[in-house]
Amino acid sequence: MFKGFLRFFHTLRFIKLIQFQYQLFYRLKKYFISINHYKKYSKHTIKTFNVNSAAILGSTTKEFLSENTFEFIGLKHTFIDGVDWNFKGHGKLWNYNLQYFTYLLDETIPSEERLQLLKKFSTDLLSSKVQLEPYPVSIRIVNCLLFHSRYPISDAIILEAILKQVDYLEHNLEYHILGNHLLENLFCLFLASIYLDDFQLQKKSHQLLIAQLSEQILDDGSHYECSVMYHSILLSKLLICIDVYRNGSKSHSLDLGAFENTASKMLSWIKTYSFPDGSWALMNDAAEGIAPTTEKLVTAAEYLKITSQPILFSHSGFAKIYGENWEIVIKTGGVQPSYQPGHTHADIGNFCLWYKGKQIIVDRGISTYNSNHLRSEERSTHSHNTVTIGGLNQSDVWSSFRIGDRAKFKNNIGENCIEVSVSPYHDKNSIHKRIITKVGKFKFTIRDSVSNTNSLIDLFATGSLQLSKHSSIRSFGYILEDKNIRITFTEPTQFTFESGIYSTHFNEYEQGTQLIYQVKDTVEMTIELL
């Protein structure tokens, strides 16, 4: 019981006061206010604009398969008696995707069929049969507005539903969550203000966006939750906001300079973070098939004349070392932001290796947001390419999106040498120090050492490397080798191979190999690219 109390204490002590206040307020409010109370914009009309950036950034994933059959995050479902918009049988994330209505923008589906789906949803919404949440409302409104630009909506029920949702969102901004949720809310309101030609809403949403972008976009251009997936999603929305304002605003009285400068910084970060083929190290919560690719972001930015430049990582907690046709991305930072750590993993010192067009050493990735053992495993230290002390996580990750007590860390970042020291939350006297050093065009070393200020403690520590499906590595004594990579331990080290499952997409799994090695005092290995 006391451990549970400590976990809650360490989880809650980082939360902002505004999050507490709005959490309580919204929990009480939802029992008294229905969608039909929101009539502020009922007399507005919705304009149409050309939004070419949205077409560039649009998803190619097929979500609506046939009548009442949908597939999201790798899971297919057919509704027998009409679509249940509140369906949670595949988890909350699947239901969110159902309600996003991204499939409104799928041009392979006849427009009338898409419109019919939206009409059914709007009818249920206005009948209070749908459980409203600001996050899916934000994404759904944007998709409805973009659809309206291509196929102007005249149906009174759909238009009424859109306008009431804009009012609902304006009065239910996610200050209890903050982070990417609040930015999605504000992007939506800004876009809605232009479509509705409402200058007061435009000024309000613009000011709030400037403040949040200033807080949430770090000095090196990364979104502060440090997930490349959410970074990409948010950058795409920012680019669409710039496009719609340039095309749709009558007066252009607002200064878009902050938007354009932020978009440039965010583009610079994701281009630097990406490997040469555009792929990502899937660190923290990140998966493919959810967000626009780096290639799409670059194309949309070029269309909008948003430029970028190479950057050095700083506040986002990553570092990169470059070799001859290889690169490694290293996680050098801790939990951030402290008050919204839901997409952070316990993996300081983790790294991914890209070589000749493919990733050889990969992140475990994520396959689910459901609160279960798999979610806990995918956020754990053991599942990442770093060292675990005492069999426990560096930071106390729990539930789906919670972190209690946090690891302490220090780093020293050079061009060809990265040092990271980590003290896990459960034993602040213990230290794992990792030094990664480039020693040639095709070679780098990793030196892991563990120590404790109490010299009487005999530390049990293990290191892990997740090799991708492209690896067929075998051991020859203390040398491990396949056609791409040679790993050599500089001194006798106990190691084993285990089946290594990793995910590049939600609910999809790849078969690789996980190398587990014991760390007794110090272990050093040389990794050579062949």
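As the structure is a prediction and not an experimental result, all values here were calculated from the model.

> I keep staring at the overall build of the chain and nothing clicks. Help me out?
Counting its secondary structure elements, the chain contains 13 helices and 21 strands. Here the C-alpha radius of gyration of the chain, 24 Å, is about what a compact globule of 530 residues would show, namely 24 Å. Along the longest, intermediate and shortest principal axes, the C-alpha atoms of the chain span 75 × 50 × 50 Å. Accessible surface for the chain amounts to roughly 22,400 Å². Of this, 53% is attributable to carbon and sulfur atoms. Here the chain contributes 54 positive and 53 negative side-chain charges, whose respective centroids are spaced 4 Å apart.

> When you look at the sheet that holds strand S13 (residues 430-440) in this model, what are you seeing that I'm missing?
Sheet strands pair by backbone hydrogen bonding; their relative direction is either parallel or antiparallel. Taking strand neighbours across the sheet as the criterion, the eight strands line up as S11-S12-S13-S14-S21-S18-S17-S16 in an open arrangement whose pairing is antiparallel. Edge positions in the sheet fall to strand S11 (408-413) and strand S16 (474-476), since each of these pairs with one other strand and no more. Strand-to-strand, the axes of this sheet are offset by a mean angle of 15°, without reference to chain direction.

> When you look at the packing of helix H7 (residues 156-170) against helix H8 (residues 179-195) in this model, what are you seeing that I'm missing?
Packed helix pairs are characterised by how far apart their axes lie and by the angle those axes make with each other. Taken N-terminus to C-terminus, the directions of H7 and H8 make an angle of 135°; their axes are 10 Å apart at the nearest point. Considering the angle they form, H7 stands oblique to H8. In this structure, the crossing between H7 and H8 has a hand that is left-handed. Between H7, through Val-166, Leu-169 and Glu-170, and H8, the contact on the second element is made entirely by Asn-185, Cys-188, Leu-189 and Ala-192. Grouping the constituent residues of the contact of H7 with H8 by class yields five nonpolar, one polar and one charged.

> Got a minute to help me understand helix H10 (residues 228-248) in this structure?
Given 3.6 residues per turn, any residue in an α-helix points the same way as the ones three and four places further on. With 21 residues, H10 should reach 30 Å at 1.5 Å per residue; the first-to-last C-alpha distance of 30 Å fits that figure. In terms of burial, H10 is largely enclosed, as 19 of its 21 residues are buried.

> Would you take a moment to explain H7 for this structure?
The first and last C-alpha atoms of H7 sit 21 Å apart over 15 residues, in line with the 21 Å expected at 1.5 Å per residue. Among the 15 residues in H7, 11 count as buried, and that is most of the element. Buried residues of H7: Ile-158, Ala-161, Ile-162, Leu-163, Lys-164, Gln-165, Val-166, Asp-167, Tyr-168, Leu-169 and Glu-170, and no others. Of the surrounding elements, those touching the buried residues of H7 are helix H5 (111-126), helix H6 (134-150), H8 and helix H9 (199-216). For H7, the N-terminal cap is Asp-155; the gap from its side-chain oxygen to the backbone nitrogen of Ile-157 is 3.0 Å.

> What am I meant to see in the sheet that holds strand S1 (residues 64-66) here?
Strand order in this open sheet of three strands is S1-S2-S3, and the pairing throughout is antiparallel. Pairing within the sheet leaves two strands with one partner each, and these edge strands are S1 and strand S3 (75-78). The average angle at which neighbouring strand axes cross in this sheet is 25°, direction not considered. On top of the sheet, helix H4 (residues 92-100) reaches strand S2 (69-72) and S3; it is set at about 120° to S2, its chief contact.

> Before we go on, may I ask you to explain the environment of Phe-460 in this structure?
Considering the arrangement of structural elements, one finds Phe-460 in the loop between strand S14 (443-452) and strand S15 (461-467). According to the relative accessible area criterion, Phe-460 is exposed, its value standing at 52%. Among all residues touching Phe-460, those that are not within four sequence positions of it are Thr-388, Ile-389 and Gly-390.

> Looking at this model, I keep getting lost on the packing of aromatic side chains. Mind explaining?
Each pair of aromatic rings is reported with the distance of its centres and the angle of its planes. Enumeration over the complete set of coordinates arrives at 42 aromatic pairs. The interplanar angle of 35° and the centroid separation of 5.0 Å between the aromatic rings of Phe-101 and Tyr-103 together place this pair among those described as tilted. Taken individually, Phe-101 and Tyr-103 each receive the classification buried, so the pair is uniform in this respect. Among the aromatic residues, those joined into a cluster by ring pairs are Phe-64, Phe-70, Phe-72, Phe-79, Trp-85, Phe-87, Trp-94, Phe-101, Tyr-103 and Phe-121. Seen from the ring of Tyr-339, Lys-16 lies directly overhead, with NZ or CZ sitting 4.4 Å from the centre. Looking at Arg-406, its charged tip hangs above the ring of Phe-14, at a distance of 3.7 Å from the centre.

> Explain the environment of Gln-394 here, please?
Turning to its location among the elements, Gln-394 is positioned in the loop between strand S8 (387-389) and strand S9 (397-398). Along the sequence, Gln-394 and Val-450 sit 56 residues apart, while their C-alpha atoms lie 13 Å from each other. The residues contacting Gln-394, other than those within four sequence positions of it, are Ala-346, Asp-347, Ile-348, Thr-381, Thr-386, Val-387, Arg-406, Ala-407, Val-422, Pro-424 and Tyr-425. At 3.3 Å, the side chain of Gln-394 and the backbone nitrogen of Asp-347 are in polar contact.

> Sorry, what's going on with the nonpolar core here?
In terms of nonpolar packing, the biggest core is built from 115 residues, with Phe-70, Tyr-103 and Tyr-273 touching the most fellow members. In terms of residue count, the dominant contributor to this core is H10 (13 residues). Setting aside residues no more than four positions away along its own chain, Tyr-103 makes contact with Glu-63, Phe-64, Phe-70, Phe-72, Trp-85, Asn-97, Leu-98, Ile-109, Arg-114 and Leu-117. Core analysis: the next-biggest nonpolar cluster, separate from the first, contains 38 residues, Ile-321, Ile-361, Ala-407 and Leu-465 among them.

Definitions and cut-offs
One numbering rule holds for all chains: residues counted from 1, following each sequence as written. Only residues with pLDDT of 70 or above have their local features reported here, since the model is predicted, and side-chain atom pairs are shown and tallied only from 80 upward, although totals for entire chains, interfaces and linings are computed over all residues. Calculated side-chain values reflect all of the structure's heavy atoms, with hydrogen atoms and water omitted. Working definition: helices are DSSP H or I runs of at least four residues, strands are E runs of at least two. Numbering for both runs from the N terminus. Note on method: radius of gyration uses C-alpha positions; expected globular size equals 2.2 Å times residues raised to 0.38. Accessible surface area values rest on a Shrake-Rupley calculation with a 1.4 Å probe, where residue burial reflects the displayed protein chains alone. Counted as positive: Lys and Arg. Counted as negative: Asp and Glu, with His and the chain ends omitted from the count. Where a charge lies is defined by one atom per residue type, namely NZ (Lys), CZ (Arg), CG (Asp) and CD (Glu). What makes two strands pair is DSSP finding at least two bridges between them. Lines are fitted to the C-alpha atoms to define the axes, a helix being fitted only along its stretch in contact, and any angle between axes, read from their N-to-C directions, falls within 0 to 180 degrees. In this scheme, roughly parallel covers angles under 35 degrees and roughly antiparallel covers those over 145, while 65 to 115 is roughly perpendicular and the rest are oblique. Here is the rule for handedness: rotate from the far helix to the near one, and if that takes an anticlockwise turn smaller than a right angle the crossing is left-handed, while a clockwise turn gives right-handed. Should any heavy atoms of two residues lie within 4.5 Å, those residues are considered in contact. Under this grouping Gly is polar, as are all residues other than the nonpolar Ala, Val, Leu, Ile, Met, Phe, Trp, Tyr, Cys and Pro and the charged Asp, Glu, Lys and Arg. An expected span of 1.5 Å times one less than the residue number is assigned to each helix. Exposure is judged per residue with a 1.4 Å probe applied to protein chains only, and the accessible area is read against the type maximum: over 50% gives exposed, under 20% gives buried, and values in between give partly exposed. For this analysis, a polar contact is any N or O atom pair within 3.5 Å, provided that within protein one partner can donate a hydrogen and the other can accept it, and provided that sequence-adjacent residues contribute only side-chain to side-chain pairs. Paired rings are identified among Phe, Tyr and Trp, the last through its six-membered ring, by centres lying within 6.5 Å, and are further divided according to the angle between planes into stacked (under 30 degrees), edge-to-face (over 60) and tilted (the rest). Two thresholds decide whether a charge sits over a ring: the Lys NZ or Arg CZ must be within 6 Å of the ring centre and within 35 degrees of the ring normal. Here, nonpolar core refers to any group of buried Ala, Val, Leu, Ile, Met, Phe, Trp, Tyr and Cys residues whose side-chain atoms link them within 4.5 Å.

That's the geometry; what it means functionally is another story.
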